[in-house]
Amino acid sequence: MKGYIKHDEWRISEEGFHPDLQEVSESVFSIGNGYMGQRANFEERYSGQSLQGSYFAGVYYPDKTRVGWWKNGYPATFAKVINSTNWIGIDVTVNGTALDLATCHVREFRRVLDLRDGVLTRTLIATLPDGIKIAVETRRFVSMARPQIGALRYRVTPLAGDATITLTPYLDGDVSNRNSNHGEKFWDEVERFQQPHYALLTVKTNQLDVHVATAMTYQIASDHQLVDTAPTMAERDKYVAQTVTVKACKGAAVTIDKLVAGVTSRDHAPGTLAMTAHDLVCAANAAGFDELLAEQRAAWAAKWRDGDIVIEGDTAAQQGIRYAIFQLNQTYTGQDERLNIGPKGFTGEKYGGGTYWDTEAYCLPFYLATAPSAIARQLLLYRYRHLQKAKDNARQLGISRGALYPMVTMNGEECHNEWEITFEEIHRNAAIAYAIYKYVNDTGDQEYLDDYGLEVLIELSRFWAERVNYSEAKKGFVILGVTGPNEYENNVNNNWYTNRMAAWTLDYTLRVIAELQARAPERWSALSTRILWDEREAERWRQISAGMYYPIDEERRLFLQQDGFLDKEIIPASQLPPEELPLHQHWSWDRILRSCFIKQADVLQGLFFLGDQYDLDTKRRHFDFYEPLTVHESSLSPCVHSILACELGYGDKAYELYLRTARLDLDDYNNDTKDGCHITSMAGTWMALVYGFGGYRVRSGRVCLNPSLPTRWQSYAFKVLFRGARLCVTVRKNGVSISNEAEREIPICVYDRNYTLAGGSVLTIDLETGKERT
Ligand code: BGC
């Protein structure tokens, strides 16, 4: 835990220059707008430790899979979102000496990311090696209102005497990924063009032929007067730059506004990219930095209006949850159905920017409750569009019917190559089925289910129906050779979660089919013909679901994580020596696999998803058994446990686990934030608050709440969008109030009592009695 980020309700701020933490800060202070994103690299050259990262969503590279021991079924490539043209760069010299903070004496360094508007600022005073002293102020954002636009303002002020300052804004496409195989480069130049105050660079990937054009304009002012001198232009392969020299008086600021447009061949024909980038940057230039900033503020204000959470009495927790909401909004905006959410968003290279089950299991609820339902729908359509590839994937693994979605993907194809994950972590299919259920349950969007969701469900069910086998010994259907959500076990038989969710998927699919057959037989008839439905499939699914085998310890009345789990030596994680944690960094994999220690929620993940099917006593028994064995070494772990702890009335435990998730990156708990922030676990943080403390669920078309208040907090308030209506829930020590900001009435249920909340009205419930206060 670093603890150098100051506690503040709306700002993430770093005081003092921390070169040793530079890569952590570059992750934490990242900015994005769903279309593109940027690590908090410095604009000026920096020779210290740094991971350069400018990313465009969906611009990826199929790097070759290189493993010593090839297994049949491995994908040939590992797709990764790649570092693209560096558009923020500005070289600065003062009296001929280059500004490089790694070689300067730096004072009064302050870096601030304002969560209200996504603007990143930096101020500092630097003494260069030859003794010249300057002040630097920078400000930049990627526009939420104009996704292709990045804007920055960079200001240098000589402090000790007059100085000659050169500013060289540039575009540099000669960039690489740290995680590329053997240091390979991904980009080739297509075109470069310059004229004074305008430059364009188009590059393309040497695989897949993805083109990215970046255009820049800039304006320089000295002491608030526009500098009109002609720049010196320089260029080389994949690089364009323009240098302007300014004589600045002591104390007079030299300011450059650099505006950039980035467009890709994902959205435009390659031949039109240069012109499109030109037109966009010219329009941005006509608006100017200040106008763009005003638009940015308005766009973010709308996001906060729908999705803010206010915590009183705990600034650290307030900052944590706002940071999570901010990152989720800047990672995914739902504007493009081809995009999804990588575990690191735009903040680093780890996980290659691919889509994991994290999206369905963790992220979907956030977008469902804080944005119009069309946004969450996009996440589901993403999987619909990949259905054929998921079927191909199942074939590749030797399954003749149905679909197996990849564990990691950019374009629908599997791009991960660890056998125990690629081939075995098949529970990901269940998360997709569950997400379909959840989306339809929360939104009531029957049309989506009829047109897309059901077809996906059927193919998922077909997969399970073939992946099981009947065991004579166990007199039931078994699922062999899997990895459950707890990745600290591989190649186990009958992971309870996987078996349970497979059976649940079959049941749910059968229910949806029956419902469609009754409501719109002609639609079912068209679908069933298209997918070559055979009525005998339904019968087999019923048999499998009814006959599914579950590992259970009758005596303890426990669902076992997998066959033979109790053969392990059961030792609470609290007895692990702290210096051996995290286990994956200290123990051999073999030792981890033999141990009882659990990486993340597994049986408990099932009890969370299917929460309405299990009573509190069952949940308590399993929580009490499994949580003490859990080391929470996946960032996705604490949130699920926190939610269950809330339900069970384990307030302190819920709060402890909540804090562990809420400030994971701000405090670099796991010592890995330099690789990027844990964006998908931030959705878990949001769930821990809204689903956990708030007890929010949608049941039978009704918003249900069961709030509790952590003792350290004075109050908290969150908003949810339910079928177009915004509800604000405030939980105070003495009561809960729910206001309906919509005009129509909303059926709600608070502490198991039903109410109808009229449009514009407020309901207040007494926390002592759980009853309405009049
Ligand atoms: C977790 C997986 C998760 C992945 C990406 C792993 O550490 O065990 O459940 O999908 O990270 O977040």
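For the structure itself, consult the block above.
Residues numbered from 1 in each chain as written. Predicted model: local features only at pLDDT ≥ 70, side-chain atom pairs only at ≥ 80, totals over all residues. Heavy atoms only, no water.

1. Brief notes about the nonpolar core
Formed by 255 residues in total, the largest nonpolar core has its most connected members in Leu-99, Leu-101, Tyr-658, Trp-686, Leu-689, Trp-713 and Ile-748. Those residues in contact with Ile-748 that lie beyond four places of it in its chain are Arg-702, Val-703, Leu-727, Ile-738, Arg-753, Asn-754, Tyr-755, Leu-757 and Leu-763. (Core = buried A, V, L, I, M, F, W, Y, C linked by side-chain atoms within 4.5 Å. Buried < 20%, exposed > 50% of the residue type's maximum accessible area, 1.4 Å probe, protein only. Contact = heavy atoms within 4.5 Å.)

2. Points about the sheet that holds strand E19 (residues 239–248)
What the 5 strands build is an open sheet, ordered E8-E7-E13-E19-E18; its pairing is antiparallel. Both outer strands of the open sheet, strand E8 (97–98) and strand E18 (232–236), are each paired with one neighbouring strand and no more. Where strand E7 (residues 90–94) meets strand E13 (residues 163–172), 5 bridges bridge the pair, whose relative direction is antiparallel. Opposite Ile-90, over in E13, you have Pro-169 as the bridge partner. (Pairing = 2+ DSSP bridges. Helix = DSSP H or I, 4+ residues; strand = E, 2+ residues; numbered from the N terminus.)

3. Notes on the site of the ligand
Every residue near the ligand is listed here: Pro-343, Tyr-351, Tyr-356, Trp-357, Asp-358, Glu-487, Lys-599, Gln-600, Ser-634 and Leu-636. Within the side chain of Gln-600, an N or O atom sits 2.5 Å from an oxygen atom of the ligand. Taken by itself the ligand offers 310 Å² of open surface, and the protein chains cover 92% of this. For the shell around the ligand, the per-class residue count stands at 5 nonpolar, 2 polar and 3 charged. (Near = heavy atom within 4 Å. Polar contact = N/O pair within 3.5 Å; in protein donor to acceptor, adjacent residues only side chain to side chain. Areas by Shrake-Rupley, 256 points an atom, 1.4 Å probe, with all protein chains shown as cover. Nonpolar A, V, L, I, M, F, W, Y, C, P; charged D, E, K, R; others polar.)

4. With respect to the pattern of salt bridges
Tallied over the entire structure, the rule returns 64 salt bridges. For Asp-209, the salt bridge identified is with Lys-204, shortest N-O distance 3.7 Å. Accessibility expressed as a relative area gives 41% for Asp-209, which makes it partly exposed. In this structure, Asp-267 engages Arg-338 in a salt bridge whose closest nitrogen and oxygen atoms are separated by 2.8 Å. Of this pair, Asp-267 sits in the loop between strand E20 (254–264) and helix H2 (273–307) while Arg-338 is found in the loop between helix H3 (315–331) and helix H4 (358–370), placing the two residues 71 residues apart along the sequence. On the basis of relative accessible area, Asp-267 is assigned to the partly exposed category, the value being 35%. Overlapping salt bridges, with partners in common, bring together Lys-391, Arg-401, Glu-459, Arg-462 and Glu-537 in one network. (Salt bridge = Lys/Arg side-chain N within 4 Å of Asp/Glu carboxyl O.)

5. Remarks on unusual backbone geometry
A negative phi holds for most residues other than glycine; trans holds for most peptide bonds. Here the residue pair Leu-581 and Pro-582 is connected by a cis peptide bond, since its omega of -10° sits within 30 degrees of zero. Along the chain, Pro-582 turns up in the loop between strand E25 (558–559) and helix H13 (583–586). Residues other than glycine seldom take positive phi values, yet Lys-475 does so here, at roughly 55°. Within the element layout of this structure, Lys-475 appears in the loop between strand E22 (469–471) and strand E23 (476–478). In this model, Arg-723 sits at a positive phi of 45°, which is unusual for a non-glycine residue. Examined against the element boundaries, Arg-723 turns out to sit in the loop between strand E28 (715–722) and strand E29 (725–732).

6. Some words on the packing of helix H6 (residues 387–396) against helix H9 (residues 446–467)
Direction vectors running N to C along H6 and H9 enclose 5°, while the axes themselves pass 11 Å from each other. With respect to their mutual orientation, H6 and H9 come out roughly parallel. Between H6 and H9, the contacting residues are Leu-387, Lys-391 and Ala-394 on the first element and Glu-455, Val-456, Glu-459 and Phe-463 on the second. Class assignment of the residues belonging to the contact of H6 with H9 gives a composition of 4 nonpolar, no polar and 3 charged. (Axes fitted to C-alpha atoms, helices over the stretch in contact; angles between N-to-C directions. Parallel < 35°, antiparallel > 145°, perpendicular 65-115°, else oblique.)

7. Concerning helix H5 (residues 373–385)
Taking 1.5 Å per residue, 13 residues should reach 18 Å; H5 reaches 18 Å between its end C-alpha atoms and fits that length. Along H5, the largest kink reaches about 25° and is centred on Leu-379. Among all positions in H5, only Ile-375, Ala-376, Arg-377, Gln-378, Leu-379, Leu-380, Leu-381, Tyr-382, Arg-383 and Tyr-384 are buried. On its buried face, H5 is in contact with H4, H6, helix H8 (428–443), H9 and helix H11 (521–530). (Expected span 1.5 Å × (residues − 1). Bend = angle between axes of the 7 residues up to and from the residue.)

8. Let's talk about the packing of helix H10 (residues 496–519) against helix H12 (residues 535–547)
Each pair of packed helices can be described by the angle between their axes along with the distance between the axes. Close contact between H10 and H12 brings their axes to 9 Å; oriented N to C, the two are set at 140°. The angle between the axes of H10 and H12 places the two elements in the oblique class. For the element pair H10 and H12, the recorded crossing hand is left-handed. Counted together, Ala-503, Leu-506, Asp-507, Thr-509, Leu-510, Ile-513 and Gln-517 of H10 and Glu-535, Ala-538, Trp-541, Arg-542, Ile-544 and Ser-545 of H12 form the full contact between these two elements. Grouping the amino acids of the contact of H10 with H12 by side-chain chemistry returns 7 nonpolar, 3 polar and 3 charged. (Left-handed = near helix turned anticlockwise from the far one by under 90°.)

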